[in-house]
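# Chain and residue survey
Listed here are the chains, written in short residue letters.
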Amino acid sequence: DLSKFPDNYVNCYKYLYDKLPNELKSVKMAIVCGSGLNNLADKIKNTVTFDYKDIPGFAVSTVAGHRGKLVFGILANSPVVCMVGRFHFYEGHSAQKVSFPIRIFRMFGAKVLVLTNAAGGLNPNYNTGDLVIIRDHVSFLNFTGSNPLIGQNESIFGERFPPMLNVYNHHLRYLFTQAAAQCNYTNLKEGTYICLSGPSYETPAEARFFSTIGDVVGMSTAPEATVGNHCGMQVIGISLVTNMVNQKPTLSSFKSPEEIAAQNYEAPTISHAEVIEVGNQKAKILEGIVEKFTEILEQN
Ligand code: CYT
């Protein structure tokens with residue numbers, strides 16, 4: 001009964017619903033593609049595609065490496081919806097705006113939410129290119145006044161004070177490990193995701209702090225996971241480690257340029273181009289595992 005939903009959600013839902021063929025008017029799963037991981041959408045068949053700029057209530061994603069398209073279609077015999085390009089808090093969108101699409105996907109019937117992202121590795125056992133199943137998160141957005149659920153509670157979606165004890169569904173994580181094994185992927189890790197607002201990357205001191213509370217760090221995913229959990233979705237999050245985060249202390253003032261030069265000190269760098277590059281290289285693997293995961297889910 002659409003009359004129970006707030007107008008902005010109804011407008012968006014109807015806009016999409018009216019343009020979809022019957023077999024896509026309800027979906028099983030929603031997928032969000034992270035930086036450099038847009039090719040995930042390429043395995044989807046019989047697609048109907050919308051530009052974000054045309055969808056009522058959607059923001060427009062502005063980051064290089066994030067196309068702005070919503071793709072409905074069939075993946076491994078399942079009707080799915082996929083965000084090719086997501087919204088980030090650092091673009092200036094509120095946490096509510098960033099996670100708006102998640103509730104739309106729930107209205108379309110999606111029970112499973114697959115969130116992917118490009119993240120920095122903190123855990124010394126990780127390597128660039130590893131896939132990490134998110135077991136839990138620490139969201140700096142959620143405890144600095146940018147929890148996406150702040151504001152009047154929309155009780156049609158969920159309760160005022162939602163528990164966050166099982167955000168990243170254990171059974172889905174288990175099925176994902178099976179999917180990865182069937183794809184012969186052997187570098188699968190599991191860890192805690194630290195969410196920052198960005199857009200600046202971490203300082204070394206921040207990175208050392210984060211490494212005491214988590215395994216990967218990034219600028220997304222937690223808002224969508226929070227909202228997905230609130231409206232009763234089963235969430236799975238996967239990070240692709242695009243770079244290992246520098247945790248070495250910053251140079252001391254007590255050393256002269258000559259002493260520094262004698263150490264062969266090389267200033268660490270990180271670039272968005274590097275993040276996208278690794279994403280593009282590894283997208284194929286993640287693509288295959290997500291497709292296999294969808295197939296396994298269908299049988300379970
Ligand atoms: N890398 C990344 N921090 C990083 O170092 N992809 C996100 C955040």
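Anyway, here's the lowdown on the structure attached to this text. (Residues numbered from 1 in each chain as written. Predicted model: local features only at pLDDT ≥ 70, side-chain atom pairs only at ≥ 80, totals over all residues. Heavy atoms only, no water.)

## Re the overall build of the protein
The helix and strand inventory of the protein stands at seven helices and nine strands. For 300 residues, the compact-globule formula gives about 19 Å, and the C-alpha radius of gyration of the protein, at 20 Å, lands near that figure. Evaluated residue by residue, the protein yields a buried proportion of 54% over its 300 residues. Contacts in the protein between residues far apart in sequence, at least 24 positions, make up 82% of those at least 6 positions apart. Accessible surface for the protein amounts to roughly 13,600 Å². Of this, 50% is attributable to carbon and sulfur atoms. With 25 positive and 26 negative side-chain charges, the protein shows a separation of 5 Å between the mean positions of the two kinds. (Helix = DSSP H or I, 4+ residues; strand = E, 2+ residues; numbered from the N terminus. Rg over C-alpha atoms; globule rule 2.2 N^0.38 Å. Buried < 20%, exposed > 50% of the residue type's maximum accessible area, 1.4 Å probe, protein only. Contact = heavy atoms within 4.5 Å. Areas by Shrake-Rupley, 256 points an atom, 1.4 Å probe, with all protein chains shown as cover. Lys, Arg positive; Asp, Glu negative; His and termini not counted. Charge placed at Lys NZ, Arg CZ, Asp CG, Glu CD.)

## Section: the site of the ligand
In the vicinity of the ligand, the contacting residues are Ala118, Ala119, Gly120, Tyr201, Glu202, Val217, Gly218, Thr242, Asn243, Val245, Ile270 and Val275. Glu202 is positioned with one of its side-chain polar atoms (N or O) 2.7 Å from a nitrogen atom of the ligand. Between Thr242 and the ligand, the recorded distance is 3.2 Å, taken from a side-chain N or O atom to a nitrogen atom. Isolated, the ligand exposes 240 Å² of accessible area, and the fraction of that covered by the protein chains is 96%. Contributing elements (two or more residues each) for the shell around the ligand: strand 5 (112–121), strand 8 (216–218) and strand 9 (234–244). With three residues, the top contributor of residues to the shell around the ligand is strand 5. (Near = heavy atom within 4 Å. Polar contact = N/O pair within 3.5 Å; in protein donor to acceptor, adjacent residues only side chain to side chain.)

## Digging into the environment of Lys284
Along the polypeptide, Lys284 turns up in helix 7 (residues 272–299). Looking at Lys284, the relative accessible area reads 59%, which means it is exposed. Taking the C-alpha atoms as reference points, Lys284 and Phe210, 74 residues apart in sequence, are found 29 Å from one another.

## Topic: the nonpolar core
Within soluble globular proteins, side chains that are nonpolar generally end up buried alongside one another. Membership of the largest hydrophobic core comes to 52 residues, with the highest contact counts inside it found for Leu16, Phe58, Leu70, Phe72 and Phe105. Top element by residues in this core is helix 2 (residues 95–107). It accounts for six residues. The residues contacting Phe72, other than those within four sequence positions of it, are Leu16, Leu20, Leu24, Val27, Asn46, Thr47, Val48, Phe50, Val80, Val81 and Phe108. Counting residues in hydrophobic clusters, the runner-up holds 33 residues, among them Leu40, Leu75, Cys82 and Phe293. (Core = buried A, V, L, I, M, F, W, Y, C linked by side-chain atoms within 4.5 Å.)

## A look at the packing of helix 3 (residues 170–182) against helix 7
The N-to-C vectors of helix 3 and helix 7 enclose an angle of 120°; their axes lie 8 Å apart at closest approach. Classified by the angle between their axes, helix 3 and helix 7 sit oblique to one another. In the crossing of helix 3 with helix 7, the sense of the turn from one axis to the other is right-handed. The residues of helix 7 that touch helix 3, namely those facing Leu172, Leu175, Phe176, Gln178, Ala179, Ala180 and Gln182, are Leu286, Ile289, Val290, Lys292, Phe293, Ile296 and Leu297. Its residues assigned to classes, the contact of helix 3 with helix 7 comprises eleven nonpolar, two polar and one charged. (Axes fitted to C-alpha atoms, helices over the stretch in contact; angles between N-to-C directions. Parallel < 35°, antiparallel > 145°, perpendicular 65-115°, else oblique. Left-handed = near helix turned anticlockwise from the far one by under 90°. Nonpolar A, V, L, I, M, F, W, Y, C, P; charged D, E, K, R; others polar.)

## Digging into the packing of aromatic side chains
Here a ring pair, both rings aromatic, is described through the centre-centre distance and the interplanar angle of the planes. Overall, the coordinates contain 17 aromatic pairs when judged by the stated rule. Both rings, one in Phe58 and one in Phe87, keep their centres 5.9 Å apart while their planes meet at 85°; by these two values the pair is edge-to-face. You can see Phe58 sitting in the loop between strand 2 (45–51) and strand 3 (69–75) and its partner Phe87 sitting in the loop between strand 4 (78–84) and helix 2, a full 29 residues away along the chain. Judged by its relative accessible area of 1%, Phe87 falls in the buried class. The rings of Phe5, Tyr9, Tyr52, Phe58, Phe87, Phe100 and Phe157 are connected pair by pair, giving a single aromatic cluster. Over the ring of Tyr15 we find Lys19, and its NZ or CZ is 3.7 Å from the ring centre. Looking at Lys25, its charged tip hangs above the ring of Tyr17, at a distance of 4.2 Å from the centre. (Phe/Tyr/Trp six-rings, centres within 6.5 Å; stacked < 30°, edge-to-face > 60°. Lys NZ or Arg CZ within 6 Å of the ring centre and 35° of its normal.)

## Digging into the side chain of Glu91
Structurally, Glu91 is set in the loop between strand 4 and helix 2. Arg86 is the oppositely charged side chain nearest to the buried, salt-bridge-free Glu91, at an N-O distance of 8.2 Å. Among the polar contacts listed, one links the side chain of Glu91 to the backbone nitrogen of His88, at a separation of 2.6 Å. (Salt bridge = Lys/Arg side-chain N within 4 Å of Asp/Glu carboxyl O.)

## Focus: the pairing of strand 5
Most of strand 5 sits out of view: ten of its ten residues are buried. Summarising the sheet, strand 1 (residues 29–33) and strand 5 pair through four bridges and their orientation is parallel. Paired with Met29 across the strands is Val112, a residue of strand 5. Strand direction decides the pairing type here: strand 5 and strand 9, joined by ten bridges, are parallel. Across the sheet, residue Gly120 finds its bridge partner in strand 9, namely Asn243. Two elements, strand 5 and strand 8, share two bridges in a ladder whose sense is antiparallel. Within strand 8, the residue paired with Gly121 across the bridge is Val216. (Pairing = 2+ DSSP bridges.)

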